[in-house]
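Descriptive structure summary
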Amino acid sequence: MNKRIIERYTSEYLPGRNPALASKFVSPDIVVHSGGQTWQGRDTYLGIVAANLKAFPDLKWTVQDMRAEGDTVAVRYTMTGTHEGPFAGAEATGKAIRSESMAFYRLSHGKIVEERAQLDMLGILTQMGAIPAA
């Protein structure tokens, strides 16, 4: 059941850019861990999603693999998009990015209550030209 919820979340909410759908999938008390930081609350989560979509208006998530065990669903996905707005302190560059990343979602009562995301931030920033390639 949890895997099906995340399948719907990634196929209905993420590509649709409809914040109203978030209440279907995301707990009001969600806790998000990513990049050594922690955020809490659905409104904060929606703000992060909105900022990412402003930075990459054509952002697309493609699920590569999904595994579920107990209350947790692991997703390996590819993100692609064009850097058209501020992101991680860098102004728009117009450059295309492609990132393979992972997230673990913990669910309770049919809603995501916790997300632990591992973005390939180094790869994204390098592709944007915000840091030099090695």
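What this report covers is the structure whose coordinates are included nearby.

Of regular secondary structure, the protein chain possesses four helices and six strands. For the protein chain, whose C-alpha radius of gyration is 15 Å, the value lies close to the compact-globule estimate of 14 Å for 134 residues. Dimensions of the protein chain along its principal axes, counting C-alpha atoms only, are 45 × 25 × 25 Å. Put simply, the protein chain has 134 residues, and 39% of those count as buried.

A separate point is the nonpolar core. The biggest cluster of nonpolar side chains holds 33 residues, and the ones touching the most others in it are I6, Y9, Y13, Y45, F56, Y105 and M128. Here this core takes five residues from helix 1 (residues 2-16), the largest share from any one element. Contact partners of Y13, with chain neighbours within four places excluded, come to R8, N18, P19, L21, A22, F25, Y45, L46 and V49.

As a further point, take helix 4 (residues 121-128). Listed in full, the buried residues belonging to helix 4 are G123, I124, L125 and M128. Against the buried residues of helix 4 lie strand 4 (72-82) and strand 5 (96-108).

The next subject is the pattern of salt bridges. One pass over the structure, following the stated rule, counts seven salt bridges. Note that E7 and R4 form a salt bridge whose closest N and O atoms lie 3.7 Å from each other. Of the two residues, E7 and R4 are both situated in helix 1; the distance of three residues between them amounts to about one turn of the helix. Looking at E7, the relative accessible area reads 29%, which means it is partly exposed. Residue R4 is classed as partly exposed on the basis of its relative accessible area of 47%. With a shortest N-O distance of 2.9 Å, R8 and E12 are connected by a salt bridge. In this pair, R8 and E12 are both assigned in helix 1, four residues apart and thus about one turn of the helix distant. A single salt-bridge network, built from bridges that share partners, covers R8, E12 and K24.

Now for the packing of aromatic side chains. Applying the stated criterion across every chain, the model contains four aromatic pairs. Measuring from centroid to centroid gives 6.0 Å for Y9 and F25, while their planes differ by 70 degrees, and the two rings are edge-to-face. Highlighted residues: Y9 in helix 1 and F25 in helix 2 (residues 22-25), separated in sequence by 16 residues. A centroid spacing of 5.1 Å and a plane angle of 70 degrees characterise the contact between F56 and F87, whose relative ring orientation is edge-to-face. With a gap of 31 residues between them, F56 in the loop between helix 3 (42-55) and strand 3 (60-69) and F87 in the loop between strand 4 and strand 5 connect regions that are remote in the sequence.

How each quantity is defined
- Residues numbered from 1 in each chain as written.
- Predicted model: local features only at pLDDT ≥ 70, side-chain atom pairs only at ≥ 80, totals over all residues.
- Heavy atoms only, no water.
- Helix = DSSP H or I, 4+ residues; strand = E, 2+ residues; numbered from the N terminus.
- Rg over C-alpha atoms; globule rule 2.2 N^0.38 Å.
- Buried < 20%, exposed > 50% of the residue type's maximum accessible area, 1.4 Å probe, protein only.
- Core = buried A, V, L, I, M, F, W, Y, C linked by side-chain atoms within 4.5 Å.
- Contact = heavy atoms within 4.5 Å.
- Salt bridge = Lys/Arg side-chain N within 4 Å of Asp/Glu carboxyl O.
- Phe/Tyr/Trp six-rings, centres within 6.5 Å; stacked < 30°, edge-to-face > 60°.

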